[in-house]
Amino acid sequence: MLSLQDCLDFCDLDCSEIEAIAEHEHIPVIVAAELSSELLQTPEGVCSLHSMVLDNLAEALAHGDMEKAGRFNLAYQHLKATHPLPQHPH
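Residues numbered from 1 in each chain as written. Predicted model: local features only at pLDDT ≥ 70, side-chain atom pairs only at ≥ 80, totals over all residues. Heavy atoms only, no water.

1. Here we look at the overall build of the protein
Helix and strand counts for the protein stand at 5 helices and 0 strands. The helix and strand sequence of the protein, counted from the amino end, reads α-α-α-α-α. Counting over 90 residues, the protein shows a buried share of 33%. At a minimum sequence separation of 6, the contacts of the protein that also span at least 24 residues come to 52%. (Helix = DSSP H or I, 4+ residues; strand = E, 2+ residues; numbered from the N terminus. Buried < 20%, exposed > 50% of the residue type's maximum accessible area, 1.4 Å probe, protein only. Contact = heavy atoms within 4.5 Å.)

Below is the structure:
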């Protein structure tokens, strides 16, 4: 049986990114880890991951939750660095 840590180690995102996905989708962290692994397989999925974290950041800012906004901002900065938005051919 796989543990939560095994699942987190398997996917190519860090814990803060997985937690952001879980919060956005209202799913358990372990399910978010599985979902993220699938989304990372396509350019559209990577775009969806970016949108999820940015949605969370915008919602936190709209509610004045600066602590949560800071966490989502750090998660997004890491996501941008490790999985940049795909470039569309011209």
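2. Overview of the pattern of salt bridges
The final tally for this structure, using the stated rule, is 2 salt bridges. We note a salt bridge from Glu67 to Arg71, for which the minimum N-O separation is 3.6 Å. Here Arg71 and Glu67 lie together in helix 5 (residues 66–82), a separation of 4 residues that amounts to about one turn. According to the relative accessible area criterion, Arg71 is partly exposed, its value standing at 43%. (Salt bridge = Lys/Arg side-chain N within 4 Å of Asp/Glu carboxyl O.)

3. Notes on the packing of helix 2 (residues 15–25) against helix 3 (residues 29–39)
With their axes 8 Å apart at the nearest point, helix 2 and helix 3 run at an angle of 105° to one another. It follows from the interaxial angle that helix 2 and helix 3 lie roughly perpendicular. Contacts between helix 2 and helix 3 involve Ile18, Glu19, Ile21, Ala22 and Glu25 from the first element and Val29, Ala32, Ala33, Leu35 and Ser36 from the second. Classifying every residue of the contact of helix 2 with helix 3 gives 7 nonpolar, 1 polar and 2 charged. (Axes fitted to C-alpha atoms, helices over the stretch in contact; angles between N-to-C directions. Parallel < 35°, antiparallel > 145°, perpendicular 65-115°, else oblique. Nonpolar A, V, L, I, M, F, W, Y, C, P; charged D, E, K, R; others polar.)

4. Some words on the side chain of Asn56
Positionally, Asn56 belongs in helix 4 (residues 43–62). Not counting chain neighbours up to four residues away, the residues in contact with Asn56 comprise Ala20, Glu23, His24 and Phe72.

5. Re helix 4
In a regular helix each residue adds 1.5 Å, so 20 residues correspond to 28 Å; helix 4 covers 28 Å between its end C-alpha atoms and thus fits that length. Of the residues making up helix 4, those classed as buried are Gly45, Val46, Leu49, His50, Met52, Val53, Asn56, Leu57 and Ala60. Each buried residue of helix 4 sits inside an arc of 150° when the element is viewed along its axis, so together they form one side. Exposed residues on helix 4 whose side chains face more than 90 degrees from its buried face are Glu44 and Ala62. Residues of helix 4 that are buried sit in contact with helix 2, helix 3 and helix 5. Gly64 sits one or two positions beyond helix 4 and adopts a positive phi of about 70°. (Expected span 1.5 Å × (residues − 1). Arc of directions from axis to C-beta.)

6. Regarding the nonpolar core
Residues Leu13, Ile18, Ile21, Leu49, Val53 and Leu79 are the most contacted members of the largest nonpolar core, which totals 21 residues. Taken together, the elements giving at least two residues each to this core come down to helix 2, helix 3, helix 4 and helix 5. Excluding residues within four positions of it along the chain, Ile21 makes contact with Leu13, Ala32, Leu35, Ser36, Leu49 and Met52. (Core = buried A, V, L, I, M, F, W, Y, C linked by side-chain atoms within 4.5 Å.)

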